[in-house]
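Notes for the structure review
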Amino acid sequence: MLDVRGLTKSFGALRASDGIDFDVREGETHAVIGPNGAGKTTFISQLAGNLLPDAGRIIFAGEDITELSAPKRARKGLARSFQITSIYPEFSALHNVALAVQARSGHSFRFWRPAHSEKELISPARRILEDVGLAERAQVRAANLSHGEQRQLEVAMALGTQPRLLLLDEPMAGMGAEESQRMIAFLGSLKQRHSIILVEHDMDAVFRLADRISVLVYGRLIATGTPERIKMNEEVRRAYLGEDA
Amino acid sequence: MNARLIGWITGIALLLALPPLMQAMGQLYYIDLVRRIMILAIAAVSLNLILGYGGLVSFGHAAYLGIGGYAVGILAFYGITSGWAHLAVAIGASALVALAIGAVCIRTSGIYFIMITLAFTQMLYYLAVSVAEYGGDDGLRLKIHSRFPLIDLADPVTSYYVVLVVMLLCVYLVYRIINSRFGMALRAAKSNEARARALGFSPYPYRLTAFVIAGAMCGLAGVLYANHTAYIAPGFMSWLQSGELMFMVILGGMASTAGPVLGTFALLLVEEVLKGWTEHWQVILGPLLVLSVIFFRRGLAGIFYKPDA
Amino acid sequence: MTLGLVFEQLLNGLQYGVMLFLMAAGLTLVFGIMNLVNLAHGSLFMMGAYFAIAAAQWTGNYAAGVVLGLAGALVLGMLVEVTALRPLYERDHLDQVLATFGLILFFNELVAIIWGRAALYAALPSWLRGSIPLFTGSRYPYYRVVVLAVGLIVALWLWYMVTRTRLGMLVRAGASNRAMVAALGVNIRLLYTVVFGVGAALAGLAGLMAGPVFVVQPGMGELILIQVFVVIVIGGIGSVRGALVGAVIVGVIDTMGRAFLKPMLATMLSASAAEKAGPALASMLIYLLMAAVLTFRPQGLFGSRG
């Protein structure tokens with residue numbers, strides 16, 4: 001599904017990404033973990049198309065997308081959710097997801113029909129909200145949703161674009177214990193239908209959801225493997241797992 | 001939503017009733033005044049599309065008033081008086097110029113965009129000034145109004161109602177546009193550009209299209225303006241006029257349907273009152289505007305109802 | 001089109017460019033450091049001219065007029081910053097544009113109230129009149145040479161200030177990270193007021209130097225301001241070097257264009273076509289140049305992205 005080779009990005013003297021080789025198989029959930037400052041955000045930004053790498057290639061479903069802009073990647077089926085909630089607070093939850101559906105369904109050069117009266121936008125949006133568990137909150141203004149619900153909406157919006165690959169950037173950021181459990185259950189249900197790259201700090205979620213884990217430290221991928229292998233990896237333990245809650 | 005509807009109906013009723021009322025009171029001046037306000041309201045409505053909903057701070061929007069006006073003036077100068085011809089050229093020229101300017105400007109953002117839109121409008125202003133044939137700095141008198149079948153634009157009351165109808169049509173058109181798929185894409189790009197791009201929207205084509213539509217609508221206002229004043233001058237597109245248009249949009253409350261109309265009425269009526277007091281009314285208006293920006297963020301429409309969802 | 005004429009126009013262009021630079025430097029610094037777009041910069045230009053004329057008339061001495069004019073612009077600038085501009089730092093650019101637009105209306109009308117709408121003429125003292133001979137054989141006004149020299153000196157001084165002094169370092173640091181500089185205990189408010197004051201003084205200087213050469217009347221600031229915008233866009237926002245390069249380019253091209261485009265066109269087209277197109281095209285030149293620069297380099301020649 002996704003093949004990353006030799007991804008490199010420097011900011012002045014700082015090597016945020018140091019020759020990263022990374023891949024995601026179809027239907028796989030591949031988690032990326034690492035201490036703060038390891039370069040996870042830089043990595044995600046390059047995958048999503050917000051940053052241009054200095055070197056390396058990104059191949060998505062057989063196509064080289066290294067030079068493609070973020071909107072183009074999204075249209076090809078690479079969707080992301082943001083670590084810092086990035087929804088449309090002034091629109092309702094339903095309309096937020098409807099926007100995502102709209103982005104996927106061809107061009108938006110229609111000037112007359114109200115977008116919110118279009119069944120082909122609203123029905124899929126409603127279905128996604130049901131999947132996510134926000135069906136009752138569909139009409140609520142996104143700004144008035146709880147933090148956990150907003151994080152759910154983040155993921156829902158990514159789903160609205162019918163992605164082939166989901167890039168989830170710390171979906172559980174700032175969530176309480178119960179909300180996290182719900183989110184983990186929901187992400188578990190997504191595993192069957194989508195390939196997922198999951199960047200997370202929540203180790204419980206990572207070990208329950210991931211088929212493979214890659215560990216990023218100081219811009220370098222120091223280990224990749226199944227959760228069991230990673231747990232037993234000496235270097236990883238030293239660099240990261242030992243300090244985690 | 002009912003409050004909004006009542007507001008609109010009341011407003012329209014008042015505007016409809018004005019001419020017979022003023023004629024009965026012998027105060028014909030106010031028919032001219034309100035007609036002028038409504039024409040500029042059309043320009044403000046068009047600017048609101050790109051500024052309020054699109055987030056494009058265009059400081060050169062008055063250019064299209066000028067293009068529309070000069071289309072009428074220049075065609076009339078050469079003896080072409082058909083109103084349809086005037087409209088076609090005015091709207092077409094405005095759209096083309098908006099396309100050309102927008103193509104360059106919309107690639108920039110922030111402060112660059114503001115400065116560049118201002119600069120291009122100034123360029124058009126100087127162009128109008130330097131072409132002495134069409135009046136140069138002094139402007140061009142319009143001897144005949146645009147000719148339309150059945151409608152005599154030289155008659156003050158007829159032209160008043162024409163302007164009223166056009167204004168309402170433009171308001172409705174913008175209303176449909178901003179609720180359509182196109183409008184949603186535009187508003188999404190303004191509200192959270194990173195999110196919009198992550199979903200798959202490239203802002204540029206939507207913004208450019210909105211810019212062209214806004215320019216064309218303002219060109220239409222220019223045609224009406226030229227017929228109203230029977231005179232076209234480079235001053236139509238001075239940057240002072242552009243700034244005034246921006247204030248009309250802001251004062252009324254951006255990103256609302258009624259906002260630009262309310263804002264235009266408010267600003268121009270305040271100006272009328274101040275003009276009645278002193279010829280140096282700008283020395284009062286200036287600080288008033290500064291204070292309104294500092295303290296009065298949400299605009300008039302925000303007083304009456306919550307923003308569009 | 002003799003060599004003498006060309007050289008003379010080139011000098012005029014440089015002199016105009018120098019005045020554009022004085023304005024642009026202040027505006028670009030204020031924008032780069034304080035993230036404030038200030039349309040009323042042109043008003044400071046205008047007030048510099050008016051203050052100088054008024055002070056010269058009052059004291060009967062040109063030099064005193066210059067000093068008082070400069071001081072007046074400086075003080076006015078700081079006053080405006082403290083009263084009207086402080087609430088705007090946290091606001092978006094649209095609000096800043098609108099608020100400073102209101103200031104323009106105010107100042108233009110204030111000047112009209114005090115001095116009337118008719119153009120004033122700034123008299124030159126005897127020691128600034130006269131002309132000097134050029135190598136081409138013709139003579140060039142001494143005053144314009146002085147303006148050119150003053151501009152270059154100020155440019156050098158600015159460069160020295162920004163790159164070599166502690167204040168300049170603070171200014172550059174404040175441009176990249178306001179909060180950090182404040183956290184280091186530097187009085188950001190004072191810094192801003194000082195920077196704005198310097199910008200205002202530069203604009204005032206340009207204004208009072210412009211007095212004898214251009215027309216002094218309400219609204220004079222806005223005419224040059226828009227060209228200053230073109231300079232900044234071409235040079236890149238926040239860059240003083242860009243302001244200098246941009247100002248020279250704009251000044252020279254605008255001046256030479258106005259002088260020579262019509263005769264040049266006349267050699268290629270008919271005389272009447274050149275007569276019509278010449279002035280129109282000349283006035284559009286710098287804007288076309290700006291469009292060209294933006295197409296290839298949207299951030300300007302020396303600007304940085306973001």
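If you're wondering where the values come from, they're calculated on a predicted model, not measured in any experiment. (Residues numbered from 1 in each chain as written. Chains lettered and ligands numbered in written order. Predicted model: local features only at pLDDT ≥ 70, side-chain atom pairs only at ≥ 80, totals over all residues.)

**Quick look at the overall build of chain B**
A tally of helices and strands in chain B yields 13 helices and 2 strands. In summary, chain B has a C-alpha radius of gyration of 19 Å against a globular reference of 19 Å for 309 residues, a match within 12%. For chain B, the spread of C-alpha atoms along the principal axes amounts to about 55 × 45 × 40 Å. For chain B, the proportion of its 309 residues judged to be buried stands at 55%. Taking the contacts inside chain B whose residues are at least 6 apart along the sequence as the reference set, 77% of them involve residues at least 24 apart. (Helix = DSSP H or I, 4+ residues; strand = E, 2+ residues; numbered from the N terminus. Rg over C-alpha atoms; globule rule 2.2 N^0.38 Å. Buried ≥ 20, exposed ≤ 12 C-beta atoms within 10 Å, placed from the backbone. Contact = placed C-beta atoms within 7 Å.)

**As for the pairing of strand β7 (residues 165–169) of chain A**
All names here are of chain A. Most of β7 sits out of view: 5 of its 5 residues are buried. Judged by which residues are buried, β7 turns out to be covered on both faces: L165, L167 and D169 on one side and L166 and L168 on the other are all buried. Summarising the sheet, strand β6 (residues 78–81) and β7 pair through 4 bridges and their orientation is parallel. The partner of S81 across the bridge, within β7, is L168. Sheet topology note: the β7/strand β8 (residues 195–199) ladder contains 5 bridges and is parallel. Each residue of the ladder has a partner; that of L165, found in β8, is S195. (Pairing = 2+ DSSP bridges.)

**Describing the sheet that holds strand β4 (residues 55–60) of chain A**
Residue and element names in this part refer to chain A. Reading across from one edge, β2-β1-β4-β5 is the order of the 4 strands in this open sheet, with antiparallel pairing throughout. Every interior strand has two partners, whereas the edge strands, β2 (14–24) and β5 (63–64), have only one. Sheet analysis places strand β1 (residues 2–11) next to β4, joined by 5 bridges and oriented antiparallel. Bridged to V4 within β4 is I58.

**Description of the domain arrangement of chain A**
Residue and element names in this part refer to chain A. Examined at the domain level, chain A breaks down into domain 1 (1–77 + 164–245) and domain 2 (88–162). Relative placement of domain 1 and domain 2: their C-alpha centres are 26 Å apart. Facing 13 residues of domain 1, the contacting portion of domain 2 comprises 11 residues. Counting only elements with at least two residues in the side of domain 1 that touches domain 2, the list comes to β7 and α6 (177–191). Looking at the side of domain 1 that touches domain 2, the element that brings in the most residues is α6, giving 4 residues. Split by residue class, the side of domain 1 that touches domain 2 holds 9 nonpolar, 2 polar and 2 charged. (Domains from an automatic or database assignment. Nonpolar A, V, L, I, M, F, W, Y, C, P; charged D, E, K, R; others polar.)

**Quick look at the confidence of the model for chain B**
Residue and element names in this part refer to chain B. Predicted confidence across chain B gives a mean pLDDT of 88, with 95% of residues reaching 70 or more. Looking over chain B, one finds the lowest element-wise mean pLDDT in helix α13 (residues 299–304), namely 60, and the highest in helix α9 (residues 203–229), namely 95. Across the whole predicted complex the pTM is 0.89, and at the interface the ipTM reaches 0.87. (pLDDT = per-residue confidence, 0-100.)

**A few points about the packing of helix α4 (residues 119–132) of chain A against helix α5 (residues 147–160) of chain A**
Residues and elements named next belong to chain A. It is at 10 Å that the axes of α4 and α5 come closest, and there the two elements cross at 135°. The angle between α4 and α5 places the two elements in the oblique class. Between α4 and α5 the crossing geometry is right-handed. Contacts between α4 and α5 involve A125, I128, L129 and V132 from the former and Q152, V155, A156, L159 and G160 from the latter. Partitioned by chemical class, the residues of the contact of α4 with α5 number 7 nonpolar, 2 polar and no charged. (Axes fitted to C-alpha atoms, helices over the stretch in contact; angles between N-to-C directions. Parallel < 35°, antiparallel > 145°, perpendicular 65-115°, else oblique. Left-handed = near helix turned anticlockwise from the far one by under 90°.)

**Notes on the interface of chain C and chain B**
On the side of chain B, 34 residues touch chain C, which itself brings 36 residues to the contact. The set of elements that each furnish at least two residues to the side of chain C that touches chain B consists of α4 (93–115), α9 (220–235) and α11 (271–296) of chain C. Looking at the side of chain C that touches chain B, the element that brings in the most residues is α4 of chain C, giving 16 residues.

**Comments concerning the arrangement of the chains**
Most contacts, compared over the 2 pairs of chains touching, are made between chains B and C. Contact between chain A and chain C is absent, and the least distance between their C-alpha atoms amounts to 14 Å.

**Some words on the packing of helix α1 (residues 3–34) of chain C against helix α5 (residues 142–164) of chain C**
All names here are of chain C. Two numbers describe how α1 lies on α5: the axes approach to 9 Å, and their chain directions differ by 40°. With respect to their mutual orientation, α1 and α5 come out oblique. For the pair α1 and α5, the sense of crossing is left-handed. In this structure, α1 uses L11, L14, Q15, V18, M19, F21, L22 and A25 to contact α5, whose residues at the interface are R144, V147, L148, G151, V154, A155 and L158. Class assignment for the residues of the contact of α1 with α5 results in 12 nonpolar, 2 polar and 1 charged.

**Thoughts on the pairing of strand β9 (residues 212–217) of chain A**
Burial runs high along β9 of chain A: 5 of the 6 residues are buried. A loop of 2 residues connects β9 of chain A with strand β10 (residues 220–225) of chain A, the two strands running antiparallel in sequence, and Y218 of chain A in this loop sits at a positive phi of about 50°.

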